Amino acid sequence: EEQKDPDVEDIKDDLNTLDLPSGGLLGYPSTISYRDILVKDEETLASATTKTYTRTLNKVLKSIANNCDFFEKLTIHDRDYFLVWVWANNYSPTKKVEVECPHCKDKHEQTVDFTKQETSDLNKKFKGFYEMELKSGHKAKIRLNTVADEMAVETYMANDKNARFDHLMLVRSIELPVSMPLKNKIEWVAENVTGAEMAKIKKFHITLKYGIDPSVKYTCKACGGEFFGDFPFQTEDIIFPTVQADIDEFL
């Protein structure tokens, strides 16, 4: 029987680990370890500007993830799942939001528990990419967007105020036989991809989306009617986190 090093086992037990909804199907591990959020992390986030927010957030998250070597390979869906989970388990897992019932127009407060939000796993049949043969005769592989894509797009947009984030992310998701800088790739896509083909690429991203459900189901406190609202995790929850505590705890 294989002998286990008790010191190594203790280290493993001390690590916080999270199962990612991609389930190890995308070339990186199915789990990610993380540490507690520290004051230095909050200070770094507070120093971010509009132009550097994405890069700063990902830098902090990678540090919280114990500087794992596959962080930039994470899809945006896995990264967002990790982000919400870590923040909810370090600060308050719930958030109170004001809503208006579309049935009776009553306005009231609802509580959303981030740790109980519906999530979906990556489709197990997905092989990591979708292969397309373009009308131009070229072959392309379409993959899910990653953290690396997001950071590259932010860097590009710092020098091009007319660039659109959603379009650049689509361009980054198109893998061609020949690698090229993003600027050249944008030009190539504009000249070689039809509108119908780009619509299909957009459909690919919508269909293969997984992770946190972007909507929350509410039940009206006045009439009992059910309705949906946007998942209320926002930038302010990251920059200005709150914790659950009442006055009795401090007395």
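Above this text sits the structure in question.
From a predicted model like this one, the values you see are computed outputs, not experimental measurements. (Residues numbered from 1 in each chain as written. Predicted model: local features only at pLDDT ≥ 70, side-chain atom pairs only at ≥ 80, totals over all residues. Heavy atoms only, no water.)

Undergrad: Help me out: how do you make sense of helix α7 (residues 182–192) in this one?
TA: Working note: α-helix, 3.6 residues per turn, so residues spaced by three or four point in the same direction. Of the residues making up α7, those classed as buried are L182, K185, I186, W188, V189 and N192. Viewed along the axis of α7, the buried residues span an arc of 165 degrees, placing them on a single side of the element. Facing away from the buried side of α7, by more than 90 degrees, are the exposed residues A190 and E191. Its buried side turned inward, α7 meets α5 (147–157), α6 (165–172), β8 (174–175) and α8 (195–207). (Buried < 20%, exposed > 50% of the residue type's maximum accessible area, 1.4 Å probe, protein only. Helix = DSSP H or I, 4+ residues; strand = E, 2+ residues; numbered from the N terminus. Arc of directions from axis to C-beta. Contact = heavy atoms within 4.5 Å.)

Undergrad: What is the right way to look at unusual backbone geometry in this model?
TA: Peptide bonds are mostly trans, and most non-glycine residues show a negative phi. Positive phi, close to 50 degrees, is recorded for N67, a residue that is not glycine. Residue placement: N67 occurs in the loop between α3 (53–64) and α4 (76–90). In this structure, K105 takes a positive phi of about 65 degrees despite not being glycine. For K105, the location among the structural elements is in the loop between β3 (94–100) and β4 (107–113).

Undergrad: Is there a simple way to think about the nonpolar core in this case?
TA: Among soluble globular proteins, nonpolar side chains are generally buried collectively. Residues I32, F82 and W87 are the most contacted members of the largest nonpolar core, which totals 66 residues. With eight residues, α4 is the single largest residue contributor to this core. Beyond its immediate chain neighbours, meaning those up to four positions away, F82 contacts L18, I32, Y34, L61, I64, A65 and F71. (Core = buried A, V, L, I, M, F, W, Y, C linked by side-chain atoms within 4.5 Å.)

Undergrad: What exactly am I supposed to notice about the packing of aromatic side chains here?
TA: The description of two aromatic rings rests on the distance between their centres and on the angle between their planes. Under the defined criterion, the tally for this structure stands at eight aromatic pairs. A centroid spacing of 5.3 Å and a plane angle of 80 degrees characterise the contact between F114 and F233, whose relative ring orientation is edge-to-face. Placement of F114 in the loop between β4 and β5 (119–120) and of F233 in the loop between β11 (226–230) and α9 (235–239) is noted, with a sequence separation of 119 residues between them. A relative accessible area of 8% means that F114 is categorised as buried. Centre to centre, the rings of F126 and F204 are 6.0 Å apart; their planes meet at 50 degrees, and the pair counts as tilted. Of this pair, F126 sits in the loop between β5 and β6 (130–133) while F204 is found in helix α8, placing the two residues 78 residues apart along the sequence. Given the relative accessible area of 11%, F126 is considered buried. Three or more aromatic residues joined by ring pairs form one cluster here, namely F114, F231 and F233. Directly above the aromatic system of F129 lies the positively charged group of K141, at a separation of 4.4 Å from the ring centroid. (Phe/Tyr/Trp six-rings, centres within 6.5 Å; stacked < 30°, edge-to-face > 60°. Lys NZ or Arg CZ within 6 Å of the ring centre and 35° of its normal.)

Undergrad: What should I look at first to understand the pairing of strand β10 (residues 215–219) in this one?
TA: Across a regular strand the side chains alternate sides, sitting on one face of the sheet and then on the other. Along β10, the buried face is formed by V216 and Y218; none of S215, K217 and T219, which line the opposite face, is buried. In the sheet, β10 pairs with β11 via five bridges, with the strands oriented antiparallel. Of the residues in β11, the one forming a bridge with K217 is F228. (Pairing = 2+ DSSP bridges.)

Undergrad: What exactly am I supposed to notice about the environment of P93 here?
TA: Looking at the secondary structure, you find P93 in the loop between α4 and β3. What makes P93 partly exposed here is its relative accessible area of 21%. Separated by 50 residues in sequence, P93 and E43 have C-alpha atoms that sit 21 Å apart.

Undergrad: Please clarify how the environment of L18 should be interpreted in this entry.
TA: Position of L18 among the secondary structure elements: in strand β1 (residues 16–19). You can call L18 buried: its relative accessible area is 5%. Every residue in contact with L18, bar those within four places of it in the chain, is listed here: S30, T31, I32, Y34, Y81, F82 and W85.

Undergrad: When you look at the pattern of salt bridges in this model, what are you seeing that I'm missing?
TA: Working definition: two side chains of opposite charge can pair if their charged atoms are close together. If you walk through the whole model with that rule in mind, you get eleven salt bridges. The shortest N-O distance in the salt bridge between R79 and E150 comes to 2.6 Å. With R79 in helix α4 and E150 in helix α5, the pair connects residues that are 71 residues apart, well separated along the chain. There is no split in this pair, since R79 and E150 are both buried. (Salt bridge = Lys/Arg side-chain N within 4 Å of Asp/Glu carboxyl O.)

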